[in-house]
Amino acid sequence: MTRLAHVPDKSPFDFSFQYIGLLLFMVGDGVEVGYLSPFLVKHGLTEHFVALVFTVYGFAAAVSAWGSGVLCDRFGCRKVIFAGVLLWVVPQILFLAVAVPSHSGWQILLTYGVRGFGYPLLAYGILTLLVREVRITQRGLASGLFWFCFTCGLPTLGTVVASYSLPVFGEYGTFWVAFVAVILGGGLSLLLPREGTAEASLGRSHAALPAPRELMDVIRANPSLVLTCIVRAINSSATHGIIVFMPFYFISTLGLSNSQWLRFLETIFASNIVCNLFFGALSDRISWRGTIMWVGGVGSGVASLLLYWVPAHFGHISPIALYGSAAFFGLTLAGYVPLSALAPSLLPDRKGLAMSFLNFGAGCSVWLGPLIVYIFQPFVGVGGVMAVYAALFVLSGLLVYFIKLPPELDAASAVRSPPPSSLSFARH
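Residues numbered from 1 in each chain as written. Predicted model: local features only at pLDDT ≥ 70, side-chain atom pairs only at ≥ 80, totals over all residues. Heavy atoms only, no water.

Participant: Help me understand the overall build of the chain in this model?
Facilitator: Broken down by element type, the chain carries 16 helices and 2 strands. The proportion of buried residues among the 428 residues of the chain is 58%. Across the chain, contacts joining residues at least 24 apart in sequence account for 86% of those joining residues at least 6 apart. For the chain, the accessible surface area stands at approximately 16,400 Å², while carbon and sulfur atoms represent 71% of it. (Helix = DSSP H or I, 4+ residues; strand = E, 2+ residues; numbered from the N terminus. Buried < 20%, exposed > 50% of the residue type's maximum accessible area, 1.4 Å probe, protein only. Contact = heavy atoms within 4.5 Å. Areas by Shrake-Rupley, 256 points an atom, 1.4 Å probe, with all protein chains shown as cover.)

Participant: I'm lost on unusual backbone geometry in this one. Help?
Facilitator: Negative phi characterises most residues that are not glycine, and trans characterises most peptide bonds. In this structure, histidine 103 is a non-glycine residue whose phi angle is positive, near 55°. Among the secondary structure elements, histidine 103 is positioned in the loop between helix H4 (77-102) and helix H5 (105-115).

Participant: Even after reading the chapter, I still don't get the side chain of serine 300, so can you show me in this structure?
Facilitator: In this structure, serine 300 sits in helix H12 (residues 288-314). Beyond its immediate stretch of four places on either side in the chain, serine 300 contacts Val295, Phe329, Thr332, Leu333, Tyr336 and Phe393.

Participant: I'm lost on the nonpolar core in this one. Help?
Facilitator: Soluble globular proteins tend to bury their nonpolar side chains together. With 123 residues, the main nonpolar core has Tyr124, Phe146 and Phe150 as its most contacted residues. It is helix H15 (residues 351-401) that contributes the most residues to this core, 19 residues altogether. Leave out the neighbours within four places in its chain, and tyrosine 124 touches Ala65, Ser68, Tyr119, Phe146, Trp147, Phe150, Arg232, Asn359 and Ala362. (Core = buried A, V, L, I, M, F, W, Y, C linked by side-chain atoms within 4.5 Å.)

Structure follows, in structure tokens:
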């Protein structure tokens with residue numbers, strides 16, 4: 001049946017509870033980032049097995065990220081967000097109460113791996129809601145605010161909380177501090193607006209989950225969806241990879257301190273959260289695709305090489321150079337923010353499905369980054385791993401060139417006049 005579609009006409013600031021909840025949730029999720037890898041090694045795991053733990057966690061996150069968009073289409077955003085909270089909390093309790101005290105590698109692998117299903121459902125459930133509800137002229141800004149809160153929590157403020165909590169509560173106690181932040185953030189995220197949202201429209205007409213044949217038809221009709229998925233996977237892969245091996249490279253190989261490593265990591269994400277807002281808003285005015293290609297793809301390729309070279313040559317003599325390389329890396333990663341605005345424009349009548357392709361790429365980055373470490377580090381070392389990341393970044397910029405946007409959805413024209421195809425009639 002064809003009927004008048006819901007018109008996305010809200011401001012990003014109508015979703016303040018979701019942004020604040022996301023921030024708190026990701027703070028809790030990010031507290032462990034700076035010390036989890038060494039913590040697991042202290043509890044009897046090898047560095048190689050830790051990379052496997054992170055990879056399994058990433059596979060779970062990838063599956064969950066893919067499901068987030070289509071599950072929002074089927075069940076509504078509130079249920080998806082609640083499922084994300086539940087799938088984070090229960091495995092984390094088992095991880096802390098059973099797996100860690102037992103020093104069992106396989107129990108740690110299982111409980112931490114299952115927890116990987118949690119955060120994508122909450123975070124990308126919120127993102128799917130935003131791209132449905134926020135007017136297209138502010139979609140880049142809404143995406144920038146989303147990634148501001150996401151990266152502000154994971155791991156920027158998360159590592160700050162860890163730096164204050166670790167001396168007081170210790171490593172194990174700090175996990176429970178993070179647990180409280182997750183509960184608070186998850187609760188706020190569930191306070192959705194009641195009127196005029198996609199949640200309300202879904203209450204009247206649920207979209208069926210796409211069958212494999214339908215997915216293949218969608219991909220054949222719009223292969224650019226697959227390209228956005230691949231580019232998004234590359235976007236965050238290095239971020240998830242460096243937390244596996246960089247602490248050891250900084251401390252054991254270069255002789256830098258743990259506090260320098262934590263400040264280095266904080267600098268990457270502090271730079272990124274500010275630039276997320278900047279490039280999100282700027283891309284609405286210039287070009288979504290051009291911002292991703294040049295700032296994200298080419299810029300991140302150069303920055304990832306500097307991330308290895310600068311600490312090795314200037315780590316002990318120039319804090320400005322050391323932390324400047326981290327800030328530059330965070331800046332270039334922000335160039336990928338417009339992907340969240342671009343993806344739903346490729347499939348305007350089924351934004352949840354379009355976001356599932358993008359979210360699946362984000363989830364894949366969680367295992368792709370550690371997998372690259374797992375495969376390449378034994379053979380080419382840290383420098384070789386960073387070169388692989390650089391090559392992937394440049395490849396992503398090339399792939400963006402081939403993404404086909406409908407002419408009426410060019411970012412520049414979208415600012416002047418929202419395209420009628422996304423605002424008028426849609427088939428449900």
